[in-house]
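# A look at the structure
This is what each chain is made of:
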Amino acid sequence: MRVAVVGGGAVGTTAAYDLADRGASVVLYEKGEIGGASTGRAAGVLYDAFAAPEDARVGDRAIERFRAFSGEGEFEFRETPYVLLAREGDRKRADAIREQVPRMREADREVAFADPDELRDRFPAVEWDDVGVAAVAENAGCTLPGAYADLLAEKAREAGAEIRTHTAARLDPDGPSVETDAGSASFDAVVVAAGAHTKRLLAAAGISVPLKPYRVQALTAGFDDEKGSLPMVYDATEGYYLRPHPDGLLSGDGTEEVESDPDEWKRDADEAFVDATRERLDHRVGDFGPVEDAWAGLCVATPDRDPLVGELRDGVFVAAGWQGHGFMRAPALGEAAAEAVLGDSPVPEFDPTRFDGDEAFEIVEGMAVD
Ligand SMILES: Cc1cc2nc3c(=O)[nH]c(=O)nc-3n(C[C@H](O)[C@H](O)[C@H](O)COP(=O)(O)OP(=O)(O)OC[C@H]3O[C@@H](n4cnc5c(N)ncnc54)[C@H](O)[C@@H]3O)c2cc1C
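Here the structure is a predicted model, which is why all the values come from computation and not from measurement. (Residues numbered from 1 in each chain as written. Predicted model: local features only at pLDDT ≥ 70, side-chain atom pairs only at ≥ 80, totals over all residues. Heavy atoms only, no water.)

### Describing the domain arrangement of the protein chain
Many structure descriptions define interface size as the accessible area lost when the parts assemble. We note that the domain assignment places domain 1 (2-62 + 144-211 + 303-354) and domain 2 (79-140 + 212-299) within the protein chain. The straight-line distance from the C-alpha centre of domain 1 to that of domain 2 is 27 Å. In this complex, domain 1 contributes 24 residues to the contact, which on the side of domain 2 involves 30 residues. Summed over both sides, the interface of domain 1 with domain 2 buries roughly 2,200 Å², with 56% coming from carbon and sulfur. Our enumeration of links across domain 1 and domain 2 arrives at five salt bridges. The partner of Glu 259 in a salt bridge is Lys 199, and the shortest N-O contact between them spans 3.5 Å. In this assembly, domain 1 and domain 2 are joined by 11 residue pairs in polar contact (both at pLDDT 80 or more). Residue assignment for the side of domain 1 that touches domain 2 shows that the elements contributing at least two residues are α2 (38-41), β3 (45-47), α3 (53-69) and α7 (198-203). (Domains from an automatic or database assignment. Contact = heavy atoms within 4.5 Å. Buried area = accessible area lost by both parts, 1.4 Å probe. Salt bridge = Lys/Arg side-chain N within 4 Å of Asp/Glu carboxyl O. Polar contact = N/O pair within 3.5 Å; in protein donor to acceptor, adjacent residues only side chain to side chain. Helix = DSSP H or I, 4+ residues; strand = E, 2+ residues; numbered from the N terminus.)

### So, the pattern of salt bridges
Tallied over the full model, the rule gives 34 salt bridges. Where Glu 238 meets Arg 280, a salt bridge forms, and the shortest distance between an N and an O atom there is 3.3 Å. Residue Glu 238 is located in the loop between β15 (232-235) and β16 (240-245), and its partner Arg 280 is located in helix α8 (residues 271-285); the two are separated by 42 residues in the primary sequence.

### Some points on the site of the ligand
Lining the immediate surroundings of the ligand are 38 residues, of which Glu 30, Thr 39, Val 45, Trp 322 and Met 328 lie closest. Within the backbone of Phe 327, one N or O atom sits 3.0 Å away from an oxygen atom of the ligand. In the complex, 95% of the free accessible area of the ligand, which totals 1,000 Å², lies under the protein chains. Secondary-structure elements contributing two or more residues to the shell around the ligand are α1 (10-21), α2, β14 (212-221), β18 (291-301) and α9 (326-341). Broken down by element, the shell around the ligand gets its largest block of residues, four residues, from β18. Per-class residue counts for the shell around the ligand are 22 nonpolar, 13 polar and three charged. Looking at which domains feed residues into the shell around the ligand, each of domain 1 (2-62 + 144-211 + 303-354) and domain 2 (79-140 + 212-299) supplies at least three. (Near = heavy atom within 4 Å. Areas by Shrake-Rupley, 256 points an atom, 1.4 Å probe, with all protein chains shown as cover. Nonpolar A, V, L, I, M, F, W, Y, C, P; charged D, E, K, R; others polar.)

Structural data, given as structure tokens:
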């Protein structure tokens, strides 16, 4: 079976590897560098703390594979607990966490409520005085996302896939064929894993999907962990997260709930985001060092916040729409896309044909607890 994968981010490289490893003849087209788009800009926060059973299964499989790949090439999965919290007085998010944690546990996730004293004992480097409700997810970690895409591209190559970087692909409206500046090639299947460009690429082939790219931001800053190492933290009340990072720490949020043009968007972080993050870090971890780097990138929303993974039209498959959770689920969702091509339908809830493609919807922050 001949399969084209369009997009060399975390998802496309995983799909290419799994397809090649299971015997398909694969060509991966990447218009820039491997991991050079959203994947290279991601924070690398990884966890399986999802309440819906299908999300929990996908999260579990993803973390299992991250652990299995850790140590290969430059890729390292750093075990790091993930703390989810709502502040005192924030009833709405506190109720949402109280409702979700038992469902996560029913879905076999290793998540437990923790009070401020327990958090202080376990993670003394962080300020917990304002916590109303918190839970700690243990099956979690962090990494540098570019290293994952590089590793999976290398593994795909070793399994026999051809990786063509700096090669923009277009889809043929008449079937699973791909056109590049060098000519056209026919395949039995094409997997479109083109991140923020997925909607545009499919639209040019006459296929409409309800995807909206939106901008998010992150920064790294120095941090001295003499008081103890940092866990990953998501403050649902303020809507930001932080994680330990080789620079010290990384913190992000800044979701712009408006659709971005996938080609025309501001790559640098906004000053307002950097100022707000400094205040949040000052409150949550006290002293931190200078801001080393600050940037923006694109995520992609869907109407129901669930992704599109599967066949859209004879031989044309999509794998996109991660609502800010694409990297942490890439090992499972790239695999699911590969399995869909090979004849399985592993995540029926993510079937892309559940939409007509012209749905009107609002962008909602991916990590929002509501
Ligand atoms: C600041 C920030 C922080 C984030 N933090 C996290 C996090 O902590 N955890 C998490 O799970 N997710 C996070 N995300 C989201 C995450 O980055 C994405 O969900 C994930 O990287 C998507 O991977 P992908 O392979 O689908 O897309 P991409 O990495 O965008 O890959 C798509 C690729 O397709 C290529 N392409 C596009 N058009 C064409 C074409 N015509 N021909 C050939 N190639 C083409 C692009 O060049 C690109 O390399 C974050 C995102 C940002 C911006």
